Amino acid sequence: MTRTRADLLQGTLEMLILETLALGEPIHGWGVALRIQRLSADVLQVNQGSLYPALHRLEHKGWIRSEWGTSENNRRAKFYRLTALGRKHLAREREQWELFVGAVHGILHAT
Amino acid sequence: MVEILKDMLRAVRLRIRRLLRAGAADRELDEEVRFHLEMEARRLVREGVPPEEAERLARVRFGGVERFKEQAREARGTRVVEDGMQDIKYGLRMLAKNPVFTIVAVLTLALGIGANTAIYTVVEAVLLDPLPFREPDRLTLLFTRNDEQNQERYMVSPMDFDDWRHMNATFESMAAYWPTTGTLLELDGGPTRVRIVYTTEDYFDVLGVSARVGRTFTPEEGPGSTPVAILSAGLWERRFGADPSVVGRTVTLDGGPIEVIGVVAQAQTFPADADMWINMTWPMQIQSRYARWMSAVGRLKADTDIVAARADLAALARRIEQENPESNRGWTVTVEGLKDVLVGDTRAALLVLLTATALVLLIACANVANLLLSRSEVRAREIAVRTAFGAGRARLVRQLLTESLLLSGLGAVVGIGLAWLGVRGLLAIAPVTLPRENDIGLDATVLAVVAGVSVLTGVLFGLAPIGRLVGSNLRTSITDGARTTGSASGHRVQSGFVVAQIALALMLVVSAGLLVRSFEKLRAVDTGFQAGGVLTAELDVATSVAETDTAVIDLYDRLERRLTALPGVVAVGDASTLPLGEQLDYSQPFQMADREFPAEVEPRAFLRPVAPGFFAAMRTPVVAGRAFDDRDRLDAPGAAIVNEAFVRRFLPDADPLGERFVHLGYRFGPLGALNKSEWEIVGVVRDVKYEGLREEVLPAIYFSGLQSSIKRRTLVVRYAGGSAATLTNALRDQVTAIQPTLALTNVRTLDDVVSAARSRDRFSTLLLVLFGTLALLLASVGVYGVLAYAVAQRTGELGIRMALGADRRAVRGMVLGDGMKLVAVGLALGLVAALALAGVLSSQLFGVSPRDPAVIGLVLLVLLGVGFLASLVPAWRATRVDPVVAMRGQ
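It should be emphasised that the depicted structure is a prediction, and the values quoted were computed from it without experimental measurement. (Residues numbered from 1 in each chain as written. Chains lettered and ligands numbered in written order. Predicted model: local features only at pLDDT ≥ 70, side-chain atom pairs only at ≥ 80, totals over all residues.)

Caption draft 1: Inspection of the overall build of chain B at higher detail. A count of helices and strands for chain B gives 28 helices and 23 strands. Looking at chain B as a whole, 42% of its 890 residues are labelled buried. The long-range fraction of contacts in chain B, counting pairs at least 24 apart against all pairs at least 6 apart in sequence, stands at 84%. (Helix = DSSP H or I, 4+ residues; strand = E, 2+ residues; numbered from the N terminus. Buried ≥ 20, exposed ≤ 12 C-beta atoms within 10 Å, placed from the backbone. Contact = placed C-beta atoms within 7 Å.)

This is the structure we're talking about:
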């Protein structure tokens, strides 16, 4: 199965979101973007706009859920959290990812 | 695990909620994005970016806000439905923005669908619906035929029938029947007239009809057995309250007892409107071969066809003819499919209507196509702009498809309404003789076919703008629309449609014109009698009431004397057969005392016993000699009167008065007889139309009703003053006074009889006039639409011309000329087609050639006029073009 670059990136973004949410407490969309950027030490620049379609897709799959709450500056914001289904899926994604990274690593260091 | 299931369920619920409440989901998304941008801007401010710059930067970082909102929406997966709703809303808005276009298109579609479905439904019900018999396609009606005597479908004698039945090789079975009437005594003692059919015992087996209650005839119930009766479902319900116990009971028919053995299952009877069937119990072979009075129906063997059956029976008839040269000279057979006969003359008329319907459908489709093409020019520009703004092609196709479907759907809905009204209307004005009309409802298949064709046209041509878009590049589409005269090829297609419409309309209107003229001729036909102010009623005197010939003659004589004495009554007569009526007319060879006829002249005439007052009551002029009177009784010499056609054919150079017929006794089956065999011609009367208004009058001999004992006669009462209704009551009272068990049937005015004879012509004329008008209307809409559109497209060009000094008259002339050119080409083509197809209509015409120059000329003028009027408005509008405004549009 061939994956296009866009697919790969999209899939990766989704995994990163899940990973971010896996830390526990619910966070809003902007928080997710910020955290991905910080955790990757600014290496990964999340295209902020594409975050929302990804969030909605994940929600439709039932991997994350959302509810309206109040933000740290007292504004109404939508908070996302990981579901049990999402957690299970993340575990599988993570496994595959590590397999993939390991394979690439092997190839890169083979010479 | 439970947790995971819950998550899945929640996801499903979420999708459904967002689908149902798309607006709320959108608002939430808005709020979320707003919050994000605000937070991002704040962060940037904290990092030292100026506030107004921070806001801009936040948006830049986010990327296209609307684009991602759109993507987010798409991610919700409810996109298709939302777009559909949006398309519908947009489509409705577009339709509402052009109310004239919408109304014309919807009405065109509706008329096309409605008119066609209504006609198709009636036609199909009549022509194509299966008869309620087992394998009806194998059923045939059998007639005798004699070309010399001009008899194509005559009845058969019992002996001939018996030979057919036993000696044929192609029929599985064959039955004979004889329809008549009788008087049934009801349980309360009141008499009621019923239509009886005497049948051979295998009749129901031949037709494949079974009994609902009781049984049909058994093979033993043939000649020599006791007559028994089977009731129709109609009579059983009407007169016996659908009581099953009537089977096995004995009822009184014509004064005698008869046992009811069953009730027929099917509501529809054969022959139509039969009330009761009784088995023929007389032996076939003792009757004369001359006495042709039975009808016959046969079921073909499964492995044969009607052609083989014709050959088979014709060979048989030749053998019978050789063995019986006296009685059967020139007599062969006619074999017709039962269905063909039942549908009968209606077929030709219906086929003409069907053709007209197809033409109207074509015109309507051309109109719809044209309207949509006109609009596509305008739409092509809008669509090019939308494409430039990033609308996907598939999305645009969907949008246009939605619009077309909306339009076609509206047309179809209105059309179905029209179709329903149309069927009701057709049945209301349909001639009473239209077969099997009670079974007709709106036909779903037909509706689907017609609506399908119309809607498909609408959808196909609704997509025309896309075709244009694919064919050209974007930029020229956008600029093109603003400037030039629109695409030339599109215009050519539209012009082609208009030409076709005009041509089709011409054909339809010419047909309508011809039928109207033919109908006028038919109205003007001299029937040989005056129909106004005459009441007619049938009476049948059963053997139980008047046993002897003298008693029958005496009864009618007494009754008519009493009727003549009624106030307001001018003259009273009777006849075995009424002109233009449904009764049988009997045709027979004759011999004259002092005359030999050359071989090529077959001496043969219709035999018509009439009471002395008949000619006076009908106001049929006696042109020579005298009418019958009280002298012409049984004890006097036989008196006969002939018509003018008789004199023309047989006695052209002689004085007919005093000529004598010899050996002319005749038995009208079981109905009675002529009671003399020698007759002297005492008078000549004007020709009277008996067989039909279109038919030529054939030679006929009238006999004095006082010298013939016909039991079943139609009374003819001419009255002055008083109403038909009061006279009817008086008539019934007099009949009851003479004999309480007698009942009148079929009481109606002579006007009704004549108008029934014209009804089918009136019906098809009216329908074709409707079609013609419709075609005219649609075609003029087509001409108008194309010209108006062309003018709108050429606004710029016209502006330039006028700015350069072209005067208004020249501009108007140019547009008018364009329109009339289309009309002229259409008319020329239509004329050729109309002349070529003239033959289709000729069977429906009377006294008018299908290429009648007066009608065609008039129609050409009318269509030219309509085309001119349709061109006038766009031409006028062209002269209103303001050069300045038009040039600015460039």
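Caption draft 2: Broad picture of the overall build of chain A. If you tally the helices and strands in chain A, you get four helices and three strands. Reading the secondary structure of chain A in the N-to-C direction produces α-β-α-α-β-β-α. Each of the 111 residues in chain A was classed as buried or not, and the buried ones make up 33%. The contacts in chain A between residues at least 6 apart in sequence include a share of 46% that link residues at least 24 apart.

Caption draft 3: A look at the sheet that holds strand β1 (residues 27–28) of chain A. Residues and elements named next belong to chain A. The strand order across the open sheet formed by three strands is β1-β3-β2, and the pairing between neighbours is antiparallel. Two strands in the sheet have a free side with no partner beyond their single neighbour: β1 and β2 (64–70). As defined by bridge partners, β2 adjoins strand β3 (residues 76–82) across seven bridges and the pair is classed as antiparallel. The residue bridging isoleucine 64 from the neighbouring strand is leucine 82, located in β3. (Pairing = 2+ DSSP bridges.)

Caption draft 4: Local environment of the environment of leucine 351 of chain B. Residues and elements named next belong to chain B. Its location among the elements puts leucine 351 in helix α13 (residues 346–388). What makes leucine 351 partly exposed here is the crowd of 15 C-beta atoms within 10 Å. Sequence-wise, leucine 351 and valine 840 are 489 residues apart; in three dimensions their C-alpha atoms are separated by 8.8 Å.

Caption draft 5: Representation of the interface of chain A and chain B in the model. Facing 23 residues of chain A, the contacting portion of chain B comprises 24 residues. Of all the secondary structure elements, the ones that give two or more residues to the side of chain A that touches chain B are α2 (29–39), α3 (48–61), β3 and α4 (84–108) of chain A. With 10 residues, α3 of chain A is the single largest residue contributor to the side of chain A that touches chain B. The class makeup of the residues in the side of chain A that touches chain B is six nonpolar, 10 polar and seven charged. (Nonpolar A, V, L, I, M, F, W, Y, C, P; charged D, E, K, R; others polar.)

Caption draft 6: Highlighting the pairing of strand β12 (residues 534–540) of chain B. All names here are of chain B. By the criterion of burial, β12 is predominantly enclosed, with seven of the seven residues buried. Of the two faces of β12, the one holding Val534, Thr536, Glu538 and Asp540 and the one holding Leu535, Ala537 and Leu539 are both buried throughout. Alignment of β12 against strand β23 (residues 745–749), held across three bridges, turns out to be antiparallel. Bridge assignment links threonine 536 to a residue of β23, and that residue is arginine 748.

Caption draft 7: Here's a closer look at helix α25 (residues 808–836) of chain B. With 29 residues, α25 of chain B ought to run about 42 Å at 1.5 Å a step, and its terminal C-alpha atoms sit 42 Å apart, in line with that. Residues of α25 of chain B that are buried include every one of Val811, Val815, Asp818, Gly819, Leu822, Val823, Gly826, Leu827, Gly830 and Ala834 of chain B, and no others. (Expected span 1.5 Å × (residues − 1).)

Caption draft 8: Geometry of the nonpolar core. Residues and elements named next belong to chain B. With 97 residues, the main nonpolar core has Ile502, Ala505, Leu506 and Ala775 as its most contacted residues. At 18 residues, helix α18 (residues 488–524) tops the list of elements feeding residues into this core. The residues touching isoleucine 502, leaving out its near neighbours within four places in the chain, are Ala779, Leu822, Val823, Gly826, Leu827, Gly830, Leu863 and Gly867. One finds Leu664, Leu706, Leu715 and Tyr719 within the second-largest nonpolar core, a separate group that totals 68 residues. (Core = buried A, V, L, I, M, F, W, Y, C linked by C-beta atoms within 7 Å.)

Caption draft 9: Structural detail: the confidence of the model for chain B. All names here are of chain B. Taken residue by residue, chain B gives an average pLDDT of 82. The fraction at 70 or more is 88%. Across residues 477–486, confidence stays below pLDDT 50; counting only partners more than four residues off in sequence or on other chains, it has 20 contacts. Two numbers describe this predicted complex: its pTM, 0.61, and its ipTM, 0.83. (pLDDT = per-residue confidence, 0-100.)

Caption draft 10: Quick peek at the packing of helix α7 (residues 158–167) of chain B against helix α10 (residues 306–323) of chain B. All names here are of chain B. Contact geometry for α7 and α10: axes closest at 11 Å, N-to-C directions at 130°. Looking at the two axes, α7 sits oblique to α10. Two packed elements cross with a definite hand, and for α7 against α10 that hand is right-handed. Contact with α7, carried on its side by Asp160, Asp163, Trp164 and Met167, involves Leu313, Leu316 and Ile320 of α10 and no other residues of that element. (Axes fitted to C-alpha atoms, helices over the stretch in contact; angles between N-to-C directions. Parallel < 35°, antiparallel > 145°, perpendicular 65-115°, else oblique. Left-handed = near helix turned anticlockwise from the far one by under 90°.)

Caption draft 11: Looking closely at unusual backbone geometry. One non-glycine residue with positive phi stands out, namely asparagine 74 of chain A, at about 70°. For asparagine 74 of chain A, the position within the fold is in the loop between β2 and β3. Take asparagine 74 of chain A: there are 7 C-beta atoms within 10 Å of it, and that puts it in the exposed class. The phi dihedral of histidine 663 of chain B falls on the positive side, at around 50°, and the residue is not glycine. Structurally, histidine 663 of chain B can be placed in the loop between β19 (660–662) and β20 (679–685).

Caption draft 12: Spotlight on the environment of glutamate 602 of chain B. All names here are of chain B. Inspection of the secondary structure puts glutamate 602 in the loop between β15 (591–592) and β16 (604–610). Glutamate 602 sits in the partly exposed class, given 14 other C-beta atoms within 10 Å. Between the C-alpha atom of glutamate 602 and that of proline 589, which follows or precedes it by 13 residues, the distance is 7.5 Å. Excluding anything up to four places from it in sequence, glutamate 602 contacts Glu148, Gln149 and Pro589.

Caption draft 13: Representation of the packing of α4 of chain A against helix α1 (residues 2–20) of chain B. Relative to each other, α4 of chain A and α1 of chain B sit at 105°, their axes nearing to 7 Å. Looking at the two axes, α4 of chain A sits roughly perpendicular to α1 of chain B. Listed contacts from α1 of chain B to Ala84, Leu85 and Lys88 of chain A of α4 of chain A are Glu3, Ile4, Asp7 and Met8 of chain B. Of the residues in the contact of α4 of chain A with α1 of chain B, the class split is four nonpolar, no polar and three charged.

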